[in-house]
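# Coordinates in review
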Amino acid sequence: MIDIPDGLVAAQSSFNGEAGRAFVAGLPGLAERYLAQWGLRLDGAAMHGMCALVLPVVRVADGLPTVLKLQALDEETVGEPVALRAWGAAGVGAVGLLDHDPDTGALLLERLDEQRPLSRTADVRAAVGVLGEVLARLAAVPAPEGLRTLGAEAERMLVAAPEAARTLADASDRRLLADCAAAVREVAGEPGDRLLHWDLHYDNVLSGRAGSERSGQWVAIDPKPLVGDPGFELFPALVNLFDAGEVLWRFDALTDALGMAGDRARARAWTLGRVLQNALGAVGDGERPSADQAGIARQLLGR
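Residues numbered from 1 in each chain as written. Predicted model: local features only at pLDDT ≥ 70, side-chain atom pairs only at ≥ 80, totals over all residues. Heavy atoms only, no water.

## Section: the overall build of the protein
Helix and strand counts for the protein stand at 9 helices and 11 strands. Relative to the compact-globule value of 19 Å for 303 residues, the protein shows a C-alpha radius of gyration of 20 Å, a close match. Projecting the C-alpha coordinates of the protein onto the three principal axes gives extents of approximately 60 × 40 × 35 Å. Taking all 303 residues of the protein together, the buried fraction comes to 48%. In the protein, once contacts between residues fewer than 6 apart in sequence are set aside, the share between residues at least 24 apart is 70%. Carbon together with sulfur atoms contributes 51% to the accessible area of the protein, which is approximately 13,500 Å² in total. Looking at the protein, you have 29 positive and 42 negative side-chain charges, and the mean spots of the two groups are 3 Å apart. (Helix = DSSP H or I, 4+ residues; strand = E, 2+ residues; numbered from the N terminus. Rg over C-alpha atoms; globule rule 2.2 N^0.38 Å. Buried < 20%, exposed > 50% of the residue type's maximum accessible area, 1.4 Å probe, protein only. Contact = heavy atoms within 4.5 Å. Areas by Shrake-Rupley, 256 points an atom, 1.4 Å probe, with all protein chains shown as cover. Lys, Arg positive; Asp, Glu negative; His and termini not counted. Charge placed at Lys NZ, Arg CZ, Asp CG, Glu CD.)

Here you go:
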């Protein structure tokens, strides 16, 4: 019997409504299907994020600890196996993909140490350094074909920004959207061709399991892959474990790690693009842009 965590039920109901509830309702049957099809047995309590059920399992044939990840397919998740294969072929530090069903999006993945996310590192600056190294390794890989692109997203944002700004009552919010859109407009003609993770924050980097080949290594999980400029990757590391006094230090450390120290203006523009992307989502939900995210943008604009 597969128990579905209440947090996943609530998240899917809140964000995806009836479709989310239908997805959750089908998860026990889907899990049982892949336990049988891929020769797995459960090996611990279920875990979850906003859109996925993750089950610790063991492959019966050889006793290998793995995880079964079940998630709803959408434009963000459908490219995950494509990216993991590309990073795996390059050997650059993303979680290993062992099996995949393209019809449902089910993934059988290498098991890491879920008790050791990078977010639990006591020295946050050290964690930023690790994240920068992981970002640099991932972004060094050219993107395979067929993934969503930053160019298309930039075009969509620039079309949507003027109308979104007009709906905001606060003049400073309107200026923020206009400034972020102006920054994106300057770089939109060169959106980049690297394979981006898109959501690499400190909880999406886990340590390898003790005794495994990855022991002591930091490994990226849960990509929402995108083809584009590495400057678009910096924002999650600025807003997660947020500290207003560390924004510019983190930005400089990450651009150094990515080899963008000589082109910080471009990295800044794409980081403002990420603020714009999130602000447009907030406005679409009838909300103001996040205060933390607006603060990051204003510090970068002030520089």
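From this point on, the discussion continues.
## Topic: the sheet that holds strand S9 (residues 205-207)
Here 3 strands make up an open sheet; going across it, the order is S7-S9-S10 and the pairing antiparallel. With partners counted over all chains shown, the strands left at the sheet margins are strand S7 (113-117) and strand S10 (218-220), one partner each. Strand after strand, the sheet turns through a mean of 55 degrees between neighbouring axes, direction not considered. Alignment of S9 against S10, held across 3 bridges, turns out to be antiparallel. Counted as the bridge partner of Ser207 is Trp218 from S10. (Pairing = 2+ DSSP bridges. Axes fitted to C-alpha atoms, helices over the stretch in contact; angles between N-to-C directions.)

## Thoughts on the nonpolar core
What tends to happen in soluble globular proteins is that the nonpolar side chains get buried as a cluster. Counting residues in hydrophobic clusters, the biggest one holds 73 residues, and the most contacted among them are Trp87, Leu138, Leu177, Leu200 and Leu276. Looking at this core, the element that brings in the most residues is helix H8 (residues 264-284), giving 9 residues. By size, the runner-up hydrophobic cluster in this structure holds 18 residues, among which are Ile2, Phe23, Leu40 and Leu55. (Core = buried A, V, L, I, M, F, W, Y, C linked by side-chain atoms within 4.5 Å.)

## Considering the pattern of salt bridges
When charged atoms on two side chains of opposite charge get close, those side chains can pair. Tallied over the entire structure, the rule returns 19 salt bridges. Among the salt bridges present, the one from Asp101 reaches Arg33, with a minimum N-O distance of 3.2 Å. Here Asp101, found in strand S5 (residues 97-101), pairs with Arg33, found in helix H1 (residues 6-37); they are 68 residues apart in sequence, far enough to count as distant. Accessibility expressed as a relative area gives 38% for Arg33, which makes it partly exposed. Taking the shortest distance from any N to any O, the salt bridge between Arg214 and Glu110 comes out at 3.0 Å. You can see Arg214 sitting in the loop between S9 and S10 and its partner Glu110 sitting in strand S6 (residues 106-110), a full 104 residues away along the chain. Overlapping salt bridges, with partners in common, bring together Lys69, Glu80, Asp222 and Lys224 in one network. (Salt bridge = Lys/Arg side-chain N within 4 Å of Asp/Glu carboxyl O.)

## Quick word on the environment of Val124
Of note, Val124 is situated in helix H3 (residues 124-139). Its relative accessible area of 31% is what places Val124 among the partly exposed residues. When sequence neighbours within four positions are dropped, the list of residues in contact with Val124 reads Leu241 and Arg250.

Everything listed here is a matter of geometry and, on its own, says nothing about what the molecule does.
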